[in-house]
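Structure at a glance
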Amino acid sequence: MLATAQILPFRSNPVDLVDIAYQALERVGCTRRAGQEELSRKILDALLANEPLCAEAATGTGKTFAYLVGAILAQNQNTLPIVVSTATVALQEQVFYKDIPVLIEAGLLAEGTCFLSKGRNRYFCPQQAKAHLQSTSPAPLQLGLLEEATNLEEETEFYTHQMLGAWEDQSWSGDKDSWKGTVTPRVWQLIQADRDTCQGNTCPDFHECPFYIDRLNLTKAQVLVTNHDLLLADLKSRVEGQNSLFPFPSYQLLVDEAHHLPEIARKSADAEIDVRHSLKDLQQLQAWLQTCKLSGKSVDDLVVMKDAAYKALLPLLKTAEALRLKPESWFRFPSGKLTTTWRNPAQAASFKLSELSDGLQEFVRKLKYQKDPAALALLTQGRGLVQTIRTMSTGLARFSQMDPRFEEGARWIEATLTGLYLRYTPLSGADLLLEQLWAADIRTVMVSATLQALGTFDTFKEEAGLPTNTRFWVVPPVLPYRLSRIHCPPVRFRPTQPGFAENLVRELPWRINPREGTLLLFTNRSVMEEVVDHLPEYLRKLCLVQGRTATATLVNLHRQAIEQGRGSILVGLQSFSEGLDLPGALCTHVIITRLPFTVPGSPLEASREEMYGQDYFRKVMLPLTSRNLVQMAGRLVRRITDSGTITCLDARLGQSSYGKDLLDSLPDFTRDFSDSNRAGAIL
């Protein structure tokens, strides 16, 4: 198979490389689209100019081929690897296993130069497997842990023999995802590759190590497909001066489903600590240290550190309990600023927990290489304790304003039925993206079907902290939206009024045709369950409800019913507004029970409202609702042959002053404000 540089050479005379690339795709059966080709040109120009591009491309554009073609042609000149980042692992696999093979067949990518990015813990460590199989010496343990150690030893020996044998005879690469057999999580934890205990190039198995072999392969990657979480991990490691996840100094970045990136970035900085449970974790650590001592391990220094951390947490618990919060209630700190009553003890506790975490990590690192069965049981629990203590320390550092990178944000105390939490979250992901992405030497293209809100990119600009030289482009829609309609019947009830669920139960039988494929969308689980449970039996038996079984199973059952000529109703929440592909008869009617406004009153939203003041509704709530509504409506028309109806039973869409703005942000559906299409309990 010929590489791109061989079939599409850069020439000094004008040559339409995009046209040549799409001719190659046509030869393998792909259909060219004008908007798709223009998007490839915009991406090519932006990447060569090293200016960010945000492109909105609706369903049907063929955006995956568009951004890959543009980046491949840019790579032909700048030689930079391409990293494709998707919002989910499912989409990551779709790009890698479905789209990239077509580009390889067309000769636009070379065979063996495209890879999936995985975390280190997805790889087998041969050295650890050998060490555990050689562990034979007995050790004194408490009775319970002796039994646990014996069971774990037998379990580890069984699975490790299988996996080590397969790796040694080269029938398995050492990639967990390609292992055809089974392995229990607690055994895999013992034999997986691990950053803290990896010996690097001093390891006897370094040159055959599954992780390092894959990492070496990545250095030759033309295209690397990852997801937003791993992308952010790579960017974070670069900022912190650690070994980056992707083994090249710079790259071209294609962010698919880019509207998710700012929120994923924000959540990556979230922190919490349950002060009551943390004290119990330290008590568990005490029991573990005692077992280590009985096994002949020296733990005196760790015991001292543990006692200091325990004492440092007690004032925090006392202060939090003094608030007398009822379960499912919270106390928010105005402007996210702590008083000294909270800040000083939280910082002191964070410092003590950090010392304990470092000491414990070093102890567990040494424990890993001790060849006795007692170490197996101790190691499994010890690794979990290291992570637990480290999370506690990090959570308190961010909550207590100890870490200057997380100075701004929402901070609150929250009581639940089971815990008492100190919580921190940034108000947006913009600052983190500014620090980790936009300050890096990474040429970036962001693509999504929903980057705009209320017809502009303004909200996304702010959410993502976009540089001033960012380019913007909207690909004209290609699907025939005018053949479908959005129906806003003059219902007399609003979601904000009492009895909303009861009104939906009365209204839905008039709106649903039980012989067609319907997608029924809610914004609240309890309302969804109440409504479904009180629908007439002939409709209730057609409902396939999110959460009652796996989504893939629900979709398969829905498809089977429609293919057999029966009706079916998929019922779900906001997550059903993205990712579900229900073409043709699978979805001819989408019913939106309520506009997808953010739930007011949460600590995060209260902090945002405090920051924006009177502009909060117009600048935050309405744009987000617009984007979510576009996603809901986008479930109806997925192919050029699709058509149907979207019914919104929230009176605010047709009757409020902002309803027109929301309608204008939708594709060009035919609008209907009449009370037509009352299905009338068709049986």
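Counting of residues starts from 1 at the beginning of each chain's written sequence and follows it residue by residue. Local features in this predicted model are restricted to residues of pLDDT 70 or higher, and side-chain atom pairs are both shown and tallied only at a pLDDT of 80 or more, whereas totals for entire chains, interfaces and linings draw on every residue. Excluding hydrogens and water, the side-chain figures rest on all heavy atoms present in the structure.

Further remarks concern the overall build of the protein chain. Helix and strand definitions here come from DSSP, where helices need a minimum of 4 consecutive H or I residues and strands a minimum of 2 consecutive E residues; each element is numbered from the N-terminal end. For the protein chain, the count of helices and strands is 25 helices and 18 strands. Burial here depends on accessible area, computed with a 1.4 Å probe over protein chains only, as a share of the maximum for the residue type. Under 20% is buried, over 50% is exposed, and the range in between is partly exposed. Out of the 683 residues in the protein chain, the part that is buried amounts to 54%. Between two residues, a contact is recorded if the distance between any of their heavy atoms is within 4.5 Å. Restricting to contacts in the protein chain with at least 6 residues of sequence separation, those with at least 24 account for 81%. Taken as a whole, the protein chain presents about 30,200 Å² of accessible surface, with 52% of it coming from carbon and sulfur. None of His or the chain ends enter the tally, which takes Lys and Arg as positive and Asp and Glu as negative. Just so you know, the charge point we use is NZ for Lys, CZ for Arg, CG for Asp and CD for Glu. If the 73 positive side-chain charges of the protein chain are averaged to one point and the 77 negative ones to another, these points end up 3 Å apart. Residue burial considers only the protein chains on display, and all accessible areas are found by Shrake-Rupley using a 1.4 Å probe.

Only strands joined by at least two bridges in the DSSP assignment are considered to pair. Strand order across the open sheet formed by seven strands is β14-β15-β13-β16-β17-β12-β18, with parallel pairing between neighbours. Single-partner strands in this sheet number two, and they are β14 (543-545) and β18 (670-672). Here the strands of the sheet are splayed against their neighbours by 20° on average, with no regard to which way each runs. Of the pairings in the sheet, the one linking strand β12 (residues 485-487) to β18 comprises three bridges and is parallel in character. If you follow Arg485 over to β18, its bridge partner there is Thr670. For helices, the axis comes from a line fit to the C-alpha atoms of the stretch in contact; other axes are also lines fit to C-alpha atoms, and the angle between any two N-to-C directions lies between 0 and 180 degrees. Docked against the sheet, helix α19 (residues 525-534) engages β14 and β15 (568-572), running at close to 155° with respect to β14.

Our next topic: the pattern of salt bridges. Salt bridge, as used here: a side-chain nitrogen of Lys or Arg that lies within 4 Å of a carboxyl oxygen of Asp or Glu. Applying the stated criterion to the full structure yields 42 salt bridges. The partner of Asp661 in a salt bridge is Arg618, with the nearest N and O atoms 3.1 Å apart. Note that Asp661 is positioned in helix α25 (residues 659-664) and Arg618 in helix α23 (residues 616-633), a separation of 43 residues in sequence. Connected through salt bridges with shared partners, the residues Asp19, Glu26, Arg32 and Glu37 form a single ionic network.

When the centres of two rings from Phe, Tyr and Trp lie within 6.5 Å, Trp using its six-membered ring, the rings pair. Their planes under 30 degrees apart give stacked, over 60 give edge-to-face, and anything left gives tilted. With the rule as written, the count across this model stands at 21 aromatic pairs. Judged by centre distance (5.4 Å) and plane angle (80°), the ring pair of Tyr481 and Phe669 falls under edge-to-face. Taken together, the positions of Tyr481 in the loop between β11 (471-475) and β12 and Phe669 in the loop between α25 and β18 put the pair 188 residues apart, joining distant regions of the chain. For the pair Tyr481 and Phe669, one class covers both residues: buried. In textbook terms, an aromatic cluster arises when at least three aromatic residues are bridged by ring pairs, as seen for Tyr123, Phe206, Phe211 and Tyr212. Our definition puts a charge over a ring when NZ of Lys or CZ of Arg is within 6 Å of the ring centre and also within 35 degrees of the ring normal. Lying across the ring of Trp473, Lys42 places its NZ or CZ 4.3 Å from the centre. Lying across the ring of Tyr421, Arg423 places its NZ or CZ 4.2 Å from the centre.

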